[in-house]
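Secondary and tertiary structure notes
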Amino acid sequence: MSQPSIFDSEIALPSDLLAGREKRLLGFDARYTRVHDQLRLLLNVGALSDWNRHKHGGKLALCDLVAEQYPLVIFHGDVGTGKTATAECIANRLVAEARSSDSMLFKLSNRVRGSGMVGEMGSLITEAFQKVVQAAGKSRRAILIVDEGDSLGASRSQDHSHHEDKVAVNTLIQGVDDLRQYGGRIVIILCTNRLSVLDAALRRRAAIVEEFRRPSDAERGELFRMDLAGLDASAAQIGQLVQATAAREGHPPWTYSDIRTRLYPTALAQAYPDRALRFEDLLSVATTLQASPVMEDR
């Protein structure tokens, strides 16, 4: 029997599927604009020396320092705020803009934690890096997304940190270090709900650290207007849904995931297959369900 893959997905970029998904990510363009310049630089540090010679006669010393940065990006924030989906779509757009048609996107599986055998987790992480490097070859790009990064990169100084966990963090750090030789052609985007528990050495290496927060009232309103376009909901009704999904009675506001994976399916189930979906279906669910609890970052 073949072994399960250590990757949840391996996607050739650019991807039409991810390009379509990008359009459904609220606020994607604004976030992409904010991190685009840094990411573009990170993905092209190998070309900095040529740029330095052309634009500054090779005299701009800071280029050498920037070229040494680690190819690590950290997306952090509460559960359900779109970190992983955004990471996938950002990687896809960057590759599309670069007109690179032979890039790969890998999403690391939690199966790299292994079955508990001594040394297994470190070996699986090493294997993952080797496969990503092999995919990049001598001229292609590869982007590795590590979801739930705190499960692999938690601080080695924690009292309950097991020997295997410490080995995994060491292996992850070493993998990041080794990728600098590829001049930005291989980049890691690590997504975590708890930035504070990541090992300090990983946090120090991050070239970009981007925070994701639960949507504001205005953002939830925009989401409802986009998603419920075919329902002809009025502005007042949208306002009712915004209020129903706001923070209340000690509960936090709803996340994007709460709305799209809990509210919509539950409301739709009340109508399907006998009748059309009504606004009242959505409102009744929104007023009875509660937002997912905040993932404490401490």
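Residues numbered from 1 in each chain as written. Predicted model: local features only at pLDDT ≥ 70, side-chain atom pairs only at ≥ 80, totals over all residues. Heavy atoms only, no water.

The name given to the protein chain in an unreviewed UniProt entry is ATPase, with Sphingobium baderi LL03 as the source organism. Note on the protein chain: under the UniProt heading Sequence similarities (unreviewed entry), the record states "Belongs to the AAA ATPase family." (UniProt positions renumbered as here; feature names shortened; annotations may be inferred.)

Quick look at the overall build of the protein chain
Each helix and strand counted, the protein chain has 13 helices and 6 strands in total. The burial tally for the protein chain puts 45% of its 298 residues in the buried class. In the protein chain, 80% of the contacts between residues at least 6 apart in sequence involve partners at least 24 apart. Counting only carbon and sulfur atoms, one obtains 51% of the accessible surface of the protein chain, whose full area is about 15,500 Å². Across the protein chain, the centroid of the 37 positively charged side chains sits 4 Å from that of the 38 negatively charged ones. (Helix = DSSP H or I, 4+ residues; strand = E, 2+ residues; numbered from the N terminus. Buried < 20%, exposed > 50% of the residue type's maximum accessible area, 1.4 Å probe, protein only. Contact = heavy atoms within 4.5 Å. Areas by Shrake-Rupley, 256 points an atom, 1.4 Å probe, with all protein chains shown as cover. Lys, Arg positive; Asp, Glu negative; His and termini not counted. Charge placed at Lys NZ, Arg CZ, Asp CG, Glu CD.)

Considering the pattern of salt bridges
The full count for this structure, using the stated rule, is 18 salt bridges. Two residues, aspartate 8 and arginine 111, come together in a salt bridge whose shortest N-O distance is 3.5 Å. Of this pair, aspartate 8 sits in strand β1 (residues 7-13) while arginine 111 sits in the loop between β3 (103-108) and α6 (120-136); the two residues are 103 residues apart in sequence, bridging distant segments of the chain. One salt bridge connects arginine 260 with aspartate 227, and the closest N-O pair in it is separated by 2.9 Å. Residue arginine 260 is located in helix α12 (residues 256-271), and its partner aspartate 227 is located in helix α10 (residues 217-227); the two are separated by 33 residues in the primary sequence. (Salt bridge = Lys/Arg side-chain N within 4 Å of Asp/Glu carboxyl O.)

Quick notes on the pairing of strand β2 (residues 72-77)
Taken across its 6 residues, β2 has 6 buried, putting it largely inside the fold. Covered by surrounding structure in β2 are Leu72, Ile74 and His76 together with Val73, Phe75 and Gly77, the residues of both alternating faces. In this sheet, strand β5 (residues 186-192) lies alongside β2 in parallel orientation, the contact comprising 5 bridges. Bridged to leucine 72 within β5 is isoleucine 188. Pairing geometry for β2 and strand β6 (residues 208-212), over 5 bridges, is parallel. Across the sheet, valine 73 pairs through a bridge with isoleucine 208, a residue of β6. (Pairing = 2+ DSSP bridges.)

A look at the sheet that holds β1
Spatial strand order, β1-β3-β4-β5-β2-β6: 6 strands in an open sheet with mixed pairing. The sheet terminates laterally at β1 and β6, the two strands that pair on one side only. Pairs of neighbouring strands in the sheet enclose a mean axial angle of 15 degrees, with direction left out of account. Its contacts with the sheet place helix α2 (residues 28-42) against β2, β5 and β6, and it is angled at close to 160 degrees to β6. Taken strand by strand, α6 contacts β1, β3, β4 (142-146) and β5, and its axis lies near 170 degrees from that of β3. (Axes fitted to C-alpha atoms, helices over the stretch in contact; angles between N-to-C directions.)

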